[in-house]
Amino acid sequence: MPENNDVSVASGSSSPRARFRSEKSRPSAFWILAGLILPVMNLAARYEIIDAHKFPRSGAFVLSPNHYSEIDPVVMGVVAWKLGRLPRFLAKASVFKIPVFGAVLRRSGQIPVQRGGSVRGGEPVKAAQRLAEKGQIVVVYPEGSLTRDPDLWPMRGKTGAVRIALEQGIPIVPAAHWGAQHLMERYSKKISLFPRKTITVKIGDPIDLSQFRGRSLDTATLNEATAVVMLAITALLEDLRGEKAPAKRWNPAEHNQRETGRFEA
């Protein structure tokens, strides 16, 4: 099973390999993915993980990071693996059509999502429910696509992440990372392997959604809960960047931009 020692775990956390190996120590399709992905990603970047102790080592939860590069899912997948968990993503259905790779994705429990949000066989929350029942994690990007903000700050969020968390009664953990844009620029298809990059990741505290539990999950409630999540993600990114985000979150509709696809292409 592939491993890597070149990872810094900050803020008093012990090495994830030393104590938390139960999930990834069992043979699975993730071993194939790790064997394919880790050598390249470890060559391309070193990882500094801040507050890794806040990342749950067991049980179901939604992990919600910021999203500004097409390599983000790979980065967060590597981070989850290094912290001892097997990440499942809501992923574009098109990648499941890639020979061999698509089959491995299906075997590892990744969830295909059609453009517009529908999941093969039902809604995304139905697929996520199976993960929750098994105590697994699902990675959901609240922005839904790469941020349109010109300075790569988180843009307006969508409600999928909080809907899953509230309907399944599981925590939602925010995260932010910075540095992946040097590995792959927004909308680029090329990976810059040299010189080696540093990617810094910060894990946040589980978000308190208690004020929303028991309420009707209508549009207003979901939007309000999503705003709380986006504030948490943005605060983490501000810490990483040492900057303040714009006071108003970027809204593609206000800039005549589509929320999916490559608006800069």
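The structure reproduced in this document is the subject of the present report. Within each chain, residues carry numbers counting from 1 in the order of the written sequence. Per-residue local features are limited, in this predicted model, to residues with pLDDT of at least 70; the limit for side-chain atom pairs, both in listing and counting, is 80 or more; totals at the level of whole chains, interfaces and linings are taken over all residues. Side-chain calculation: all heavy atoms of the structure are included, whereas hydrogens and water are not.

### Observations concerning the nonpolar core
With 41 residues, the main nonpolar core has Met41, Phe55, Leu63, Ile71, Met76, Ile199 and Ile203 as its most contacted residues. The element contributing the most residues to this core is helix α2 (residues 29-44), with seven residues. We call two residues in contact when some of their heavy atoms are within 4.5 Å. Those residues within four positions of Met41 in sequence are excluded, and the remaining contacts are Tyr47, Ile71, Val74, Val75, Val78 and Leu183. In these notes, a set of buried Ala, Val, Leu, Ile, Met, Phe, Trp, Tyr and Cys residues joined through side-chain atoms within 4.5 Å is what counts as a nonpolar core. Throughout this description, buried means an accessible area under 20% of the type-specific maximum (1.4 Å probe, protein chains only), exposed means over 50%, and partly exposed covers the range between. If you look at the next biggest cluster of nonpolar residues, it comprises 24 residues, including Ala128, Ile164, Ile172 and Ile233. Segments assigned H or I by DSSP are reported as helices when at least four residues long, segments assigned E as strands when at least two residues long, and all are numbered from the N terminus.

### Thoughts on the packing of α2 against helix α3 (residues 72-82)
Running from N to C, α2 and α3 cross one another at 110°; their axes reach a closest spacing of 11 Å. Relative to α3, α2 is oriented roughly perpendicular. In terms of crossing hand, the pair formed by α2 and α3 is left-handed. Residues Phe30, Trp31, Ala34, Ile37, Leu38, Met41 and Asn42 of α2 touch α3, and the partners they reach there are Val74, Val75, Val78, Trp81 and Lys82. Helix axes use the C-alpha atoms of the stretch in contact, all axes being lines fitted to C-alpha atoms, and the angles between their N-to-C directions lie in the range 0 to 180 degrees. Here the angle decides the label: under 35 degrees means roughly parallel, over 145 means roughly antiparallel, 65 to 115 means roughly perpendicular, and every other value means oblique. Handedness of each helix crossing follows the sense of rotation of the near helix against the far helix: counterclockwise by less than a right angle gives left-handed, clockwise gives right-handed.

### As for the pattern of salt bridges
Any carboxyl oxygen of Asp or Glu within 4 Å of a side-chain nitrogen of Lys or Arg constitutes a salt bridge here. Within this structure, the stated rule accounts for ten salt bridges. Notably, a salt bridge pairs Asp51 with Lys54, separated by 3.6 Å at the nearest N-O pair. Across the pair Glu70 and Lys189 runs a salt bridge whose closest N-O atoms are separated by 3.1 Å. Taken together, the residues span a long stretch of sequence, with Glu70 in the loop between β3 (61-65) and α3 and Lys189 in the loop between α7 (180-183) and β8 (197-203) at a distance of 119 residues. Here Lys189 falls in the exposed class, since its relative accessible area comes to 62%. By sharing partners, the salt bridges in this structure join Asp51, Lys54 and Asp205 into a single network.

### Thoughts on the side chain of Thr200
Residue placement: Thr200 occurs in strand β8. Owing to a relative accessible area of 16%, Thr200 belongs among the buried residues under this scheme. Aside from chain neighbours lying at most four places away, what touches Thr200 is Glu48, Ile50, Ala176, His177, Trp178 and Leu240.

### Section: the environment of Gln257
Tracing the sequence through the fold places Gln257 in the segment after α8 (219-241). Separated by 109 residues in sequence, Gln257 and Arg148 have C-alpha atoms that sit 8.1 Å apart. Only 3.0 Å separates the side chain of Gln257 from the side chain of Trp250, close enough to count as a polar contact. Polar contacts, as counted here, are pairs of nitrogen or oxygen atoms within 3.5 Å of one another; within protein the pair requires one atom able to donate a hydrogen and one able to accept it, and residues that are adjacent in sequence qualify only if both atoms are side-chain atoms.

### Here we look at the packing of aromatic side chains
Between the rings of Phe, Tyr and Trp (Trp by its six-membered ring), a pair exists once the centres lie within 6.5 Å; its type follows the angle of the planes, with under 30 degrees stacked, over 60 edge-to-face, and the other angles tilted. Under the criterion given, the structure shown has two aromatic pairs. Centre to centre, the rings of Phe55 and Phe61 are 5.4 Å apart; their planes meet at 90°, and the pair counts as edge-to-face. Look at Phe55 and you get buried, because its relative accessible area is 1%. With a relative accessible area of 1%, Phe61 lands in the buried category.

### Some thoughts on the environment of Val40
Inspection of the secondary structure assignment puts Val40 in helix α2. In sequence terms Val40 and Leu193 are 153 residues apart; their C-alpha atoms lie 8.4 Å from each other.

### A few points about α3
A large share of α3 lies buried, amounting to nine of its eleven residues. All of the buried residues along α3 are Asp72, Val75, Met76, Gly77, Val78, Val79, Ala80, Trp81 and Lys82. Positive phi appears at Gly84, one or two residues downstream of α3, with a value of about 90°.

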